[in-house]
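Chain residues, written in single-letter form:
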Amino acid sequence: MKFTVVDATNVQASARKPLVELARQHHAIPVAIVLDLPEVIPIAREFIKQHGVDDRVTAQACDFTSDPFPEGADVILMNSNLPMYGSDAIQMVVQKAFEAVVPGGEMHICGEMLHEDWNCPLIPGMCGLHGALDDSTAKAHTPSECIGYFENAGFVEVNVSEFVPDILMHISGRKPV
């Protein structure tokens, strides 16, 4: 079984363990293509080499808002950059992911989200405030908005759950077979 993870950002040490556990829950050996901005790739490659996983992990330059995703992925993961983009950009990325995954493949987003009632943990709230004050594309998203992005793209079995308490939510969906 091939297992491909497209990760749009680096992952802090405390968050790596649950991501590897997620792979194991799907009975897959973690093999990944790390996609990130060109200036990050040399750092990612050095990190990969230092940890002795260069036989299972590669890194290539990609701006997920403008570059295509590799096709044939089993799983695509976007980690911790959800609130940096507005609804249109997130919908576009989720649609690209849907088109890139194989039938039965999945997309996962681990990201900062507001609660439905807009009562929120500090980090998602600050991300949304930053977007408003800085006139950027940043936006705080709710779980129902994220479900909509996935369903509009064509994913089924869409689910949202808490991933890192009061910091990250996990949303996933599967491409129909």
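Residues numbered from 1 in each chain as written. Predicted model: local features only at pLDDT ≥ 70, side-chain atom pairs only at ≥ 80, totals over all residues. Heavy atoms only, no water.

Draft legend 1. Examining the overall build of the protein chain more closely. Counting its regular elements, the protein chain contains five helices and seven strands. When burial is assessed residue by residue, the protein chain has 45% of its 177 residues classed as buried. Residue pairs in contact within the protein chain that sit at least 24 positions apart in sequence constitute 73% of those at least 6 positions apart. (Helix = DSSP H or I, 4+ residues; strand = E, 2+ residues; numbered from the N terminus. Buried < 20%, exposed > 50% of the residue type's maximum accessible area, 1.4 Å probe, protein only. Contact = heavy atoms within 4.5 Å.)

Draft legend 2. Geometry of the confidence of the model for the protein chain. Per-chain confidence: the protein chain averages 80 in pLDDT, with 75% of residues scoring 70 or above. Low confidence marks residues 6–11, where pLDDT is under 50. Its contacts with residues over four positions away, or in another chain, come to 28 contacts. (pLDDT = per-residue confidence, 0-100.)

Draft legend 3. Summary view of unusual backbone geometry. Residues other than glycine seldom take positive phi values, yet Glu157 does so here, at roughly 50°. Mapped onto the secondary structure, Glu157 falls in strand β6 (residues 156–164). A residue is classified by how much of its surface remains accessible, and Glu157, at 59% relative accessible area, is exposed.

Draft legend 4. Layout of the side chain of Gln91. Checked against the element boundaries, Gln91 lands in helix α3 (residues 87–100). A relative accessible area of 18% places Gln91 in the buried class. Of note is the side chain of Gln91, whose polar atom sits 2.9 Å from the backbone oxygen of Tyr149. Once you skip the residues sitting within four places of it in the chain, Gln91 turns out to touch Gly148, Tyr149, Asn152 and Ala153. (Polar contact = N/O pair within 3.5 Å; in protein donor to acceptor, adjacent residues only side chain to side chain.)

Draft legend 5. Here's a closer look at α3. When the terminal C-alpha atoms of α3 are compared, their 20 Å separation across 14 residues agrees well with the 20 Å that a helix rising 1.5 Å per residue should span. All buried positions along α3 are accounted for by Ile90, Gln91, Val93, Val94, Lys96, Ala97, Phe98 and Ala100. The secondary structure elements touched by the buried residues of α3 are β4 (73–79), β5 (101–111) and α5 (143–153). (Expected span 1.5 Å × (residues − 1).)

Draft legend 6. Up close: α5. Along α5, the positions that sit buried rather than exposed are Pro143, Cys146, Tyr149, Phe150 and Ala153. End-on view of α5: buried residues confined to an arc of 120°, all on one side of the axis. In this fold, the buried residues of α5 make contact with α3, β5, β6 and β7 (168–174). (Arc of directions from axis to C-beta.)

Draft legend 7. View of the environment of Arg45. Inspection of the secondary structure puts Arg45 in helix α2 (residues 41–50). Residue Arg45 is classed as partly exposed on the basis of its relative accessible area of 47%. C-alpha of Arg45 to C-alpha of Thr58: the two residues are 13 residues apart in sequence and 7.2 Å apart in space. In this view, Arg45 contacts Ala59 and Gln60; residues no more than four positions away in its chain are not counted. Separated by 2.7 Å, the side chain of Arg45 and the backbone oxygen of Ala59 make a polar contact.

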